[in-house]
Amino acid sequence: MHTRIREIRKLQPKEQRTQQAFADKLNISRSQLSYYESGTVTIPERSIKDICDKYNVNEEWLRYGTGEMFKPEPEVNEIDVLMGMFNPEEDEFKTKIITALLKLDDNGWTAIKQLAEEILK
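Heads up: these notes are all about the structure in this document. Every value quoted in this text rests on a predicted model; they were computed, and no experiment measured them. (Residues numbered from 1 in each chain as written. Predicted model: local features only at pLDDT ≥ 70, side-chain atom pairs only at ≥ 80, totals over all residues. Heavy atoms only, no water.)

Concerning the overall build of the protein
Part 1 of the argument: A tally of regular secondary structure across the protein gives eight helices and zero strands.
Part 2 of the argument: Sequence-ordered secondary structure for the protein, helices as α and strands as β, is α-α-α-α-α-α-α-α.
Part 3 of the argument: The C-alpha radius of gyration computed for the protein amounts to 22 Å, which surpasses the reference 14 Å derived for 121 residues by more than 25%, pointing to a less compact arrangement than a globule.
Part 4 of the argument: With respect to the principal axes defined by its C-alpha atoms, the protein has extents near 65 × 30 × 25 Å. (Helix = DSSP H or I, 4+ residues; strand = E, 2+ residues; numbered from the N terminus. Rg over C-alpha atoms; globule rule 2.2 N^0.38 Å.)

Looking at the packing of aromatic side chains
Part 1 of the argument: In this structure the tally under the stated criterion is one aromatic pair.
Part 2 of the argument: With 4.4 Å between their ring centres and 15° between their planes, Phe 22 and Tyr 55 make a pair best called stacked. Placement of the pair is Phe 22 in helix 2 (residues 19–26) and Tyr 55 in helix 4 (residues 45–55), with a sequence separation of 33 residues. Of the two residues examined, Phe 22 and Tyr 55, each falls in the buried class.
Part 3 of the argument: Directly above the aromatic system of Tyr 55 lies the positively charged group of Lys 25, at a separation of 4.6 Å from the ring centroid. (Phe/Tyr/Trp six-rings, centres within 6.5 Å; stacked < 30°, edge-to-face > 60°. Buried < 20%, exposed > 50% of the residue type's maximum accessible area, 1.4 Å probe, protein only. Lys NZ or Arg CZ within 6 Å of the ring centre and 35° of its normal.)

As for the nonpolar core
Part 1 of the argument: Grouped together as the largest cluster of nonpolar side chains are 17 residues, with contacts concentrated most on Ile 5, Ile 8, Phe 22, Leu 33, Ile 51, Val 57 and Leu 62.
Part 2 of the argument: Elements with a contribution of two residues or more to this core: helix 1 (2–10), helix 2, helix 3 (30–38), helix 4 and helix 5 (59–64).
Part 3 of the argument: In terms of residue count, the dominant contributor to this core is helix 4 (four residues).
Part 4 of the argument: In this view, Ile 8 contacts Phe 22, Ile 51, Tyr 55, Val 57, Trp 61 and Leu 62; residues no more than four positions away in its chain are not counted. (Core = buried A, V, L, I, M, F, W, Y, C linked by side-chain atoms within 4.5 Å. Contact = heavy atoms within 4.5 Å.)

Some words on a nonpolar patch on the surface
Part 1 of the argument: On the surface, a nonpolar cluster with roughly 400 Å² of combined accessible area is contributed by Trp 109, Ile 112, Leu 115 and Ile 119.
Part 2 of the argument: Counting through the fold element by element, Leu 115 comes out in helix 8 (residues 106–120). (Patch = residues over 30% accessible without salt bridge, like charges linked within 9 Å, V, L, I, M, F, W, Y side chains within 5 Å. Areas by Shrake-Rupley, 256 points an atom, 1.4 Å probe, with all protein chains shown as cover. Salt bridge = Lys/Arg side-chain N within 4 Å of Asp/Glu carboxyl O.)

Some thoughts on the pattern of salt bridges
Part 1 of the argument: Using the criterion set out here, one finds seven salt bridges in the structure.
Part 2 of the argument: The partner of Glu 59 in a salt bridge is Arg 63, and the shortest N-O contact between them spans 2.7 Å. In this pair, Glu 59 and Arg 63 are both assigned in helix 5, four residues apart and thus about one turn of the helix distant.
Part 3 of the argument: Look at Glu 59 and you get partly exposed, because its relative accessible area is 25%.

The analysis is restricted to geometry; functional conclusions fall outside its scope.
Below you can see the structure in the form of structure tokens.
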């Protein structure tokens, strides 16, 4: 598994390829990652899960070297992408507005259009 972790790290964009950057994303120290990659220590379950989640890695491949390296990419939903642009804690108002707009029927859109036209005057 230690060589597969190194392989994942080396596939990252150049600025995220260092042990420090990779370890930071996993919330572990650079030295801890170094131990993982050298096979010096047993890799904790939490770190295995974090690597798989944060780097979209197939757990079977990471553990055993079988199957595809990466999990298939989920289909992109434009609304999820839009909502992902906002930090719900910092952009609560924007999130509420977008959520409300998604629930509008034709009458609601007519009212929004009229309001927007008034604002633009």
